[in-house]
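A closer look at the structure
Given next are the chains, with one letter for each unit.
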Amino acid sequence: MPVINSLAALEPEMREWRRWLHRNPELQFDLPKTSGFVADKLRSFGVDEVHEGIAETGIVAIIEGQGDGPTIGLRADMDALPIHETSGVAHSSETDGKMHACGHDGHTTMLLGAAKHLAETRNFAGRVALIFQPAEEGGGGGDVMVREGIMDRFGIGQVFGIHNVPGVAEGVIQTNPGALLAAVDEFNFTIRGVGGHGAMPHETKDPVVAAVGLATALQTVVSRNHKATDDLVLSVTQIHAGTANNVIPGEAKLSGTVRTFAAEVRDMAEARIRAIGAGIAATYDVEVDLFYDRGYPATINDPDKAGFAVDVAREVVGADKVEPDTTRQMGAEDFSYMLEARPGAYVFLGIGEGAPLHHPDYDYNDAVSPVGASFFVKLVETAQPLR
Ligand SMILES: [Zn+2]
Ligand SMILES: [Zn+2]
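Bear in mind the structure is a predicted one, so any value in this text is a computation, not a measurement.

By the definition in use, this model includes 27 salt bridges. Notably, a salt bridge pairs D311 with R314, separated by 4.0 Å at the nearest N-O pair. On the criterion of helical spacing, the pair formed by D311 and R314 is a turn pair, its members being 3 residues apart in helix 9 (residues 303-317). Counted as one network, the salt bridges with shared partners bring together R18, R19, D105, D363 and D366.

Spelled out as structure tokens, the structure:
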């Protein structure tokens, strides 16, 4: 069972939707045109319910199947990035400084294509909840939708999502039965000492030396505190202090990023970073303040749901184009909050060669829209077959 015929036939129309979305990028939660476009399309397909205004501009639409059954959730993100587009394509962004550089225009299109097919055919039991979320690129729109109660309100039992990947062959579907993307946390230290003359350090409390000591000590979290078989990245990425060569400054700032998969490793890293900061304060006789910012959690697939997604993917694209045990990546994704709320799986869909995600030359490949839409439809029809 390859790509669904009617969805292959819908490709030109999906291409038009996608290119309209690409020309009209919007950021974060502020997606009036995008969510208006999506809601209009959903209504024109005859879906049963369109619930707007969730997480400001998010939408949940319901399609009733035939007979009783559970509710499966399918999710797409709708937001763009604050990037000046340089792709040169005819459908380039019409808003300077904003562009769909992560292909969320494509994700939205795939889910709309699936919605049209599902609303027309209703070849499934129970219901489908189509989740269109804002603010994936910072802002945690997925988190907000979960906290606003969509899982209970719509009785969603399991959730699935797709992210396109440039540089992976067109139509290849990748996933794995566990952690797929990392948790991303940030640490921001402010070190306050006493500034003074560079020739008289004994009259100061030097925050520069303390910052250097801190940067070095933080390396021991990875090298000495964590088990080598667990994944952990800790990078000090900024140190700022001083204005002149003969002045010891009063303050230094140091910050960086922490990437983990396991909750215990994430907790351990934060605890060690806090302890090291306190130790540096005592050692160098300075004040150390830490703002530790927990970002998106790790994106962790349910093993059974990932296996199910692999089976469905094999039906849609063929077994040779499915990678069921792909390497996990240190990037992050706020579908993670939906996977914390309900079992489910996230998959990557290759779009062929092209500029990478978040690059100003990036453009989504419209040829894969029928593949993504067919995958969504087959998830529903396979999970909730007609009796
Ligand atoms: Zn992105
Ligand atoms: Zn993205």
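Looking now at the coordination of the zinc ion (ligand 2). Protein ligation of the zinc ion (ligand 2) involves C102 (SG), H104 (NE2) and H163 (NE2), the donor distances falling in the range 2.1 to 2.4 Å. A separation of 3.1 Å is found between the zinc ion (ligand 2) and the zinc ion (ligand 1), which share C102 as a coordinating residue. One end of the pair, C102, is in the loop between strand 3 (71-77) and helix 4 (104-121); the other, H163, is in strand 5 (residues 156-165), with 61 residues separating them in the sequence. Each of the two residues, C102 as well as H163, counts as buried.

Let's shift gears to the coordination of the zinc ion (ligand 1). Protein ligation of the zinc ion (ligand 1) involves C102 (SG), E137 (OE), E137 (OE) and H358 (NE2), the donor distances falling in the range 2.0 to 2.8 Å. Around the zinc ion (ligand 1) sit 4 donor atoms; with metal-centred angles ranging over 51 to 146°, the donor geometry is irregular. Counting the intervening residues between successive donors of the zinc ion (ligand 1) yields the motif C-x34-E-x220-H.

Between two packed helices, the angle of one axis relative to the other and the distance separating the axes together describe the packing. Across the interface, helix 9 lies against helix 11 (residues 369-383) with an axial gap of 9 Å and an inter-helix angle of 125°. By the angle class used here, helix 9 and helix 11 are oblique. In the packing of helix 9 onto helix 11, the handedness of the crossing is right-handed. For the pair helix 9 and helix 11, contact is made by F308, A309, V312, A313, E315, V316 and V317 and by V371, S374, F375, K378, L379, T382 and A383, respectively. Classifying every residue of the contact of helix 9 with helix 11 gives 10 nonpolar, 2 polar and 2 charged.

Cut-off values and rules
Residues numbered from 1 in each chain as written. Chains lettered and ligands numbered in written order. Predicted model: local features only at pLDDT ≥ 70, side-chain atom pairs only at ≥ 80, totals over all residues. Heavy atoms only, no water. Salt bridge = Lys/Arg side-chain N within 4 Å of Asp/Glu carboxyl O. Helix = DSSP H or I, 4+ residues; strand = E, 2+ residues; numbered from the N terminus. Donors = N, O, S within 2.8 Å, 3.2 Å for Na, K, Ca; no water. Buried < 20%, exposed > 50% of the residue type's maximum accessible area, 1.4 Å probe, protein only. Tetrahedral: all angles 85-135°; square planar, octahedral: opposite > 155°, others 65-115°. Axes fitted to C-alpha atoms, helices over the stretch in contact; angles between N-to-C directions. Parallel < 35°, antiparallel > 145°, perpendicular 65-115°, else oblique. Left-handed = near helix turned anticlockwise from the far one by under 90°. Contact = heavy atoms within 4.5 Å. Nonpolar A, V, L, I, M, F, W, Y, C, P; charged D, E, K, R; others polar.

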